[in-house]
Amino acid sequence: MDKYEQVIELAKRRGFLWNSFELYGGSRGFYDYGPLGSTLKRRIEQIWREFYVIQEGHMEIECPTIGIEDVFVASGHVGGFSDPLCECKKCGEAFRADHLVENVMDAAGTLNAEQLTQVIKEKGITCPECGGEFNDAYEFNLMFKTTIGPGTGRQGYLRPETAQGMFVDFQRLSRFYREKLPFGAVQIGKSYRNEIAPRQGVIRLREFTQAECEIFTDPRDKSHPNFERFADKELTLYSQEGQEKGESVRMTVREAVEKGVIAHEFLGYNLALTNEFLTKIGIDPARLRFRQHLKDEMAHYAIDCWDAEIEMDRFGWVETVGIADRTDYDLNAHAKVSKTELYVYVEYDEPKMVTRFTVKPNMGKLGPIFKGKAKAVSEALKQLSEAELNQTEIKVTVDGEEVTVSSDMVEFAEETVKVSGEAVVPHVIEPSYGIDRIFYGVMEHAFEEAHILAMNEPVDGNIDGTAYYPTEDGNYGKTPIPADEQPSEYETRVVMHFSSRVAPVQVAVLPLLTREQLIDPAKKIEEKLREKGLLVTYDDSGTIGRRYRRNDEIGTPFAVTVDYETLQNDTVTVRRRDLMDQRRYPIEGIENMLYDLIYRDKPFESMGEPVKQ
RNA sequence: GCGUUGAUGGUCUAGUGGCUAUGACUUGGGCCUUCCAAGCCCAAAACCCGGGUUCGAAUCCCGGUCGGCGCACCA
């Protein structure tokens, strides 16, 4: 059993992840988040909001998950998100149909599947692998299609990314932020891609959760106002150059920007922010790196693009966040299709005097003569140079027809005007998170199968040669222990080392024994903790040891146990998951104490009295 | 989509053309028990779905679904 299997098995058994539609046999590419999974995911998303919405100030919006066709025509998904595929009848290999006919004709990319099939048949193109014949070509678009309204309705698509919503709302957002760059907006929600063959559990889904942030920046100034915050932060960078050598380097953000490894401050800042977020929710920094897209894999419009990759046991380095400078590509694309200019008017520090040549067609005269064509004629006139206009009879071409305009119908002059600013199409910096993959990364990095000494011995080591000790920040650390000191007899303890900020259960309240005298105070403590807003469970089934292990397995960081001493002096023990050590605290104020442990990074050792084992 | 391989309680698993389908763990109830999956009693719980062959199919055959792996795909 590899780690993936172990984690997925636990996830299924304990209510983190379930296959969707299991009752009916299931369907590939869909997963349910169970009670604990759902909570864990929400908590990850909530921390993401704290980062991007609260700290960075990029407000959250919510757009429909269904989009109308125009949106995806503009974004390129209707045309570009599908490929004509063609399969060999003999060996089953699938090929891009347009690539197959490329050598025998021009503009293969413009043909549809039907035309491609015909060309393949006519030219007798066979499988390059085995020489077999091809099936008919078919379009495979990765977007889910749907119909809006009754009857044939209007063509719609389930969104393949949340980003387009922010682009489509650009004008509204720009006004909301009082037209001052940079500004940003985020969206957390479901996106849909009809993957050909989804696999690898939650790594590739047909319905998945994205958290995307679009920051609209001034293309002329990509310095970051808050750059110093992360300038000296070291990141693991796997740059284009590094990938050639096959090695990543540790480098500060400042150094990387100065050396041109990272294109500019704005991207550098966002890489560091992503690093901060991922490590905060429990991704192991040693299994996290930033990989730069190679020149040929980068979208043609992007200036620079980095993926945050998380190392996973079975899948290797998995892309979980993409951080790209998408330039003005998306806004221009939507401007073109919607026929609406999308820009921000940026005022100069001081107005400039600009001399320019202006043409003013006299519509009062053009109208009666050219009627319906008048508009087109006037547009054509505006394109002419001074020399061309300086004729008694001006010739322009409209709809392929040459027309003559007399000089009294148009005025032109060079004039000097005051210009106080200019229209700027912002460049978009986009950090785009795949929440489901991150969720699995958190699960796997939290997972540990520790081997502990049998029977009542506290953990001192596990079989793969590590021992546990408390670190200064109140977590646990590992240190290698020599092979001859490792225990020979052990039992297995499965622990999810979730950060207490994301753990779906934060405190377990346990009466030592199933006795009424212990149950009553335990229930009262449970209620107190709930009022404080902590995620708490009460459990009195089975022996205390069994309950500790059950909670270890779902990653509950703290367990409060009511024992007989509680009845004498109103104190309880609090057990720390990672080290299985306990300290005794008064019941009075325990809710605040636990809150501080969970949310304020108070060290466990700083409170109460240790309990002798 | 192609090829390949698998599918038995919640989990892991034994098993065979034939009688009431193993076992462990888990779970629920109880007894006992003063802190790390202890013990005892009781209980609940499964042959992926649809066809076919057969007196009889969980087992053999075909198709489907789902999972693993390889190929292709992953703007």
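See the structure printed just above.
Residues numbered from 1 in each chain as written. Chains lettered and ligands numbered in written order. Predicted model: local features only at pLDDT ≥ 70, side-chain atom pairs only at ≥ 80, totals over all residues. Heavy atoms only, no water.

Draft legend 1. Seen up close, the overall build of chain A. Helix and strand content of chain A: 20 helices and 31 strands. Counting only residues that meet the buried cut, chain A has 49% of its 613 residues in that class. Taking the contacts inside chain A whose residues are at least 6 apart along the sequence as the reference set, 65% of them involve residues at least 24 apart. A total accessible area of about 31100 Å² is found for chain A, and carbon and sulfur atoms account for 46% of it. (Helix = DSSP H or I, 4+ residues; strand = E, 2+ residues; numbered from the N terminus. Buried < 20%, exposed > 50% of the residue type's maximum accessible area, 1.4 Å probe, protein only. Contact = heavy atoms within 4.5 Å. Areas by Shrake-Rupley, 256 points an atom, 1.4 Å probe, with all protein chains shown as cover.)

Draft legend 2. Focus on helix 17 (residues 516–531). Between its terminal C-alpha atoms helix 17 stretches 23 Å, which fits the 22 Å expected from 16 residues at 1.5 Å a residue. Every buried residue of helix 17 is listed here: L518, I519, P521, A522, I525, E526 and L529. Of the surrounding elements, those touching the buried residues of helix 17 are strand 26 (507–511), strand 27 (536–538), strand 28 (558–562), helix 19 (564–569), strand 29 (571–576) and helix 20 (590–599). G533, located one to two residues past helix 17, shows a positive phi value of around 90 degrees. (Expected span 1.5 Å × (residues − 1).)

Draft legend 3. Molecular detail of the sheet that holds strand 4 (residues 66–68). Ordered in space as 4-9-8, the three strands form an open sheet in which the pairing is antiparallel. The open sheet has two edge strands with one neighbour each: strand 4 and strand 8 (145–148). Averaged over all pairs of adjacent strands, the angle between strand axes in this sheet comes to 45 degrees, irrespective of strand direction. One ladder, built from four bridges, connects strand 8 with strand 9 (residues 154–158); its direction is antiparallel. The residue bridging T146 from the neighbouring strand is G156, located in strand 9. (Pairing = 2+ DSSP bridges. Axes fitted to C-alpha atoms, helices over the stretch in contact; angles between N-to-C directions.)

Draft legend 4. Broad picture of the sheet that holds strand 10 (residues 183–192). Read from one edge of the open sheet, nine strands run 3-10-11-21-16-15-14-12-13, paired in mixed fashion. Each having just a single partner strand, strand 3 (59–60) and strand 13 (249–252) make up the two edges of the open sheet. Relative to strand 21 (residues 427–434), strand 11 (residues 207–217) runs antiparallel, the two sharing six bridges. Directly across from F216, in strand 21, lies its bridge partner V428. Of the strands in this sheet, strand 11, strand 12 (234–238), strand 14 (288–292), strand 15 (305–312), strand 16 (316–327) and strand 21 touch helix 11 (residues 265–280), which is tilted by about 145 degrees from strand 16. Against the sheet, helix 16 (residues 435–446) makes contact with strand 11, strand 15, strand 16 and strand 21, and its axis sits at roughly 35 degrees relative to strand 15, the strand it touches most.

Draft legend 5. Structural detail: helix 11. Between its first and last C-alpha atoms helix 11 spans 22 Å; for 16 residues at 1.5 Å apiece the expected length is 22 Å, and the two agree. Most of helix 11 is tucked away, with 12 of its 16 residues classed as buried. G282, located one to two residues past helix 11, shows a positive phi value of around 115 degrees.

Draft legend 6. Focus on the packing of aromatic side chains. Counted according to the given criterion, the structure contains 22 aromatic pairs. Each ring, one from F51 and one from F277, has its centre 5.5 Å from the other, and the planes form 80 degrees; the classification is edge-to-face. In this pair, F51 sits in helix 2 (residues 35–55) while F277 sits in helix 11, placing the two residues 226 residues apart along the sequence. Accessibility expressed as a relative area gives 9% for F51, which makes it buried. Here F277 falls in the buried class, since its relative accessible area comes to 0%. Taken together, the ring pairs connect F167, F170, F176, Y177, F183 and F216 into an aromatic cluster. Between the NZ or CZ atom of K41 and the centre of the ring of Y33, over which it lies, the distance is 5.0 Å. In this structure, K523 is placed above the aromatic ring of Y538, and the distance from its NZ or CZ to the ring centre is 4.4 Å. (Phe/Tyr/Trp six-rings, centres within 6.5 Å; stacked < 30°, edge-to-face > 60°. Lys NZ or Arg CZ within 6 Å of the ring centre and 35° of its normal.)

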